[in-house]
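# Survey of secondary and tertiary structure
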Amino acid sequence: MRERLLAAEKVKAIEWREGALQLLDQRVLPLQSVWRRYGDAPAVADAIREMVVRGAPAIGIAAAYGVVLSARVRLAEGGDWRAALEADFQVLADSRPTAVNLFWALNRMRDRLGRLKPEDDVVAALEAVAVSIHQSDREANLTMAQLGAELIRKNQGNPQNLLTHCNTGALATGGFGTALGVIRAAHLEGMVERVYADETRPWLQGSRLTAWELAGEGIPVSLNADSAAAHLMKTRGITWVIVGADRITANGDVANKIGTYQLAVTAMHHGVRFMVVAPSSTIDMSLESGEDIPIEERPGHELLEVNGQRFAADVEAVNPVFDVTPADLIDVIVTEKGIVERPDAAKMAALMSRSRLH
């Protein structure tokens, strides 16, 4: 399966090339394919904040490379480069608050910085960690894809209809995708009749990104309004809702793109199984429950405008971009460390004590 997955890989959103970070601008997909080059940490932070790069794992990878760029710039400037680098750490950390992969990656980079020896090449040492974070995410994607596909086979077997929300594919990660990786693997095994992709308001990640990725690989996909999901579960024989995550707490609560919570409630009502797919870097054992997760709220104009043109009435808008799905609505969490069915605090702790699967 691993070789077949790699052979099917067509899309990537992040490249580290010639000492610079290259990002595929996801704001203009699928109409344009524009790569942008970044040479310092504040610019990378802006790219994260402005959604040039999005998806929890991809944000973390981009931030790690941002630290490498910062180290190169600050060392060249001279003076107290460590203090200047720490300021750039904070700029990157402030770019978006909900996805814990960002902070996990920055902590990995800070830890390596703290273990530097006087003779070490600072930039090379940090670059090695950033590249490792990138490559490890790709490997985690492959492992999760295989584990999730096996769950689909085990529980149903026949080709089936799946529903997904937001974008969790190659565009959101360092490799093949989390939830979309599972769907890709299931498709390669002949287990997918059709994928229903929520459009994902207001940034339309489902319409612009997920549908584009799936169609490009010949996977049958239908786009639907977010509010059509319950009707589709009732009438289209959907067997699984498969989503990603931006943060998972110690008790198994999951923060993900706004709309995920209502999908989980609806799935339980209709007897549809609910799968969350995310690397262990998304699990934040320092937070007891989802009540502790900071939820990002973005500007209201994102709801009131399309391409800068206002179409809504003259009202205020509330625009939370994540919500929290309680663990008791989740059938299974898939990570590269293994699978947790019906997650709770004890099962999450046991998962995090494991070594990574190979």
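What you see is a predicted model; the values in this text were computed from it and never measured.

On to the packing of helix 3 (residues 56-77) against helix 5 (residues 100-114). At a minimum axis distance of 7 Å, the contact between helix 3 and helix 5 shows a crossing angle of 30°. The angle between helix 3 and helix 5 falls in the class roughly parallel. The interaxial crossing formed by helix 3 with helix 5 has right-handed handedness. Two secondary-structure elements touch here, helix 3 through Ala56, Pro57, Ile59, Gly60, Ala63, Ala64, Val67 and Val68 and helix 5 through Asn101, Leu102, Ala105, Leu106 and Met109. Of the residues contributing to the contact of helix 3 with helix 5, the split by class is eleven nonpolar, two polar and no charged.

Time to look at the domain arrangement of the protein. Looking at the protein, the domain boundaries give domain 1 (1-135) and domain 2 (157-352). When each unit is reduced to the centre of its C-alpha atoms, the spacing between domain 1 and domain 2 is 24 Å. The interface of domain 1 with domain 2 comprises 33 residues on the first partner and 35 residues on the second. Approximately 2900 Å² of surface area, both sides summed, lies buried where domain 1 meets domain 2, with 59% of it carried by carbon and sulfur atoms. For domain 1, the biggest contributors to the area lost against domain 2 are Val11, Arg54 and Thr98; these three give 21% of the whole. The interface formed by domain 1 and domain 2 contains two salt bridges. On the surface where domain 1 and domain 2 come into contact, there are 17 residue pairs in polar contact (both at pLDDT 80 or more). Of all the elements in the fold, those that place two or more residues in the side of domain 1 that touches domain 2 are helix 1 (2-8), helix 3 and helix 5. Residue composition of the side of domain 1 that touches domain 2, grouped by class: 20 nonpolar, five polar and eight charged.

So, on to the UniProt feature "active site" (unreviewed entry) in the protein. Sites flagged by UniProt as "active site" (unreviewed entry) map to Asp246. In this structure Asp246 comes out as buried when scored by relative accessible area, which is 9%. Discounting chain neighbours no more than four positions away, the residues touching Asp246 are Ala56, Thr98, Ala99, Val100, Asn101, Ala255, Asn256, Lys257, Thr282 and Phe322.

This part covers the sheet that holds strand 5 (residues 192-198). Ordered by their spatial adjacency, seven strands build an open sheet running 6-5-4-7-10-15-16, and the pairing between neighbours is mixed. The two strands at the open ends of the sheet, each matched to only one other strand, are strand 6 (221-224) and strand 16 (338-341). Between one strand axis and the next, the sheet turns through 25° on average, direction left out of account. Summarising the sheet, strand 15 (residues 332-335) and strand 16 pair through four bridges and their orientation is antiparallel. When the bridges of strand 16 are listed, Val332 appears paired with Glu341. Against the sheet, helix 10 (residues 260-270) makes contact with strand 4 (160-164), strand 5, strand 7 (238-243) and strand 10 (273-277), and its axis sits at roughly 145° relative to strand 10, the strand it touches most.

Before going further, it helps to spend a moment on the UniProt feature "binding site: substrate" (unreviewed entry) in the protein. UniProt marks Arg54, Gly55, Ala56, Arg96, Gln205, Asn256 and Lys257 with the feature "binding site: substrate" (unreviewed entry), using the numbering shown here. Relative to the helices and strands, Ala56 resides in helix 3. Look at Ala56 and you get buried, because its relative accessible area is 3%. Other than its neighbours up to four places away in sequence, Ala56 contacts Ala99, Asn101, Ala172, Ala245 and Asp246. Summarising the element assignment, Arg96 is placed in the loop between helix 4 (81-93) and helix 5.

Let's shift gears to the sheet that holds strand 9 (residues 254-257). Across the sheet, four strands lie side by side as 11-8-9-14; this open sheet has mixed pairing. This sheet does not close on itself; its edge strands, each paired only once, are strand 11 (283-284) and strand 14 (322-325). By the bridge criterion, four bridges tie strand 9 to strand 14 in an arrangement that is antiparallel. Across the sheet, the residue bridging to Val254 is Thr325, located in strand 14.

A few words on helix 10. An α-helical turn contains 3.6 residues, so any two residues separated by three or four positions project in the same direction. Within helix 10 the residues assigned to the buried category are Thr260, Leu263, Ala264, Thr266 and Ala267. Two residues or fewer after helix 10 comes Gly271, characterised by a positive phi angle close to 70°.

Analysis parameters
- Residues numbered from 1 in each chain as written.
- Predicted model: local features only at pLDDT ≥ 70, side-chain atom pairs only at ≥ 80, totals over all residues.
- Heavy atoms only, no water.
- Axes fitted to C-alpha atoms, helices over the stretch in contact; angles between N-to-C directions.
- Helix = DSSP H or I, 4+ residues; strand = E, 2+ residues; numbered from the N terminus.
- Parallel < 35°, antiparallel > 145°, perpendicular 65-115°, else oblique.
- Left-handed = near helix turned anticlockwise from the far one by under 90°.
- Contact = heavy atoms within 4.5 Å.
- Nonpolar A, V, L, I, M, F, W, Y, C, P; charged D, E, K, R; others polar.
- Domains from an automatic or database assignment.
- Buried area = accessible area lost by both parts, 1.4 Å probe.
- Salt bridge = Lys/Arg side-chain N within 4 Å of Asp/Glu carboxyl O.
- Polar contact = N/O pair within 3.5 Å; in protein donor to acceptor, adjacent residues only side chain to side chain.
- UniProt positions renumbered as here; feature names shortened; annotations may be inferred.
- Buried < 20%, exposed > 50% of the residue type's maximum accessible area, 1.4 Å probe, protein only.
- Pairing = 2+ DSSP bridges.

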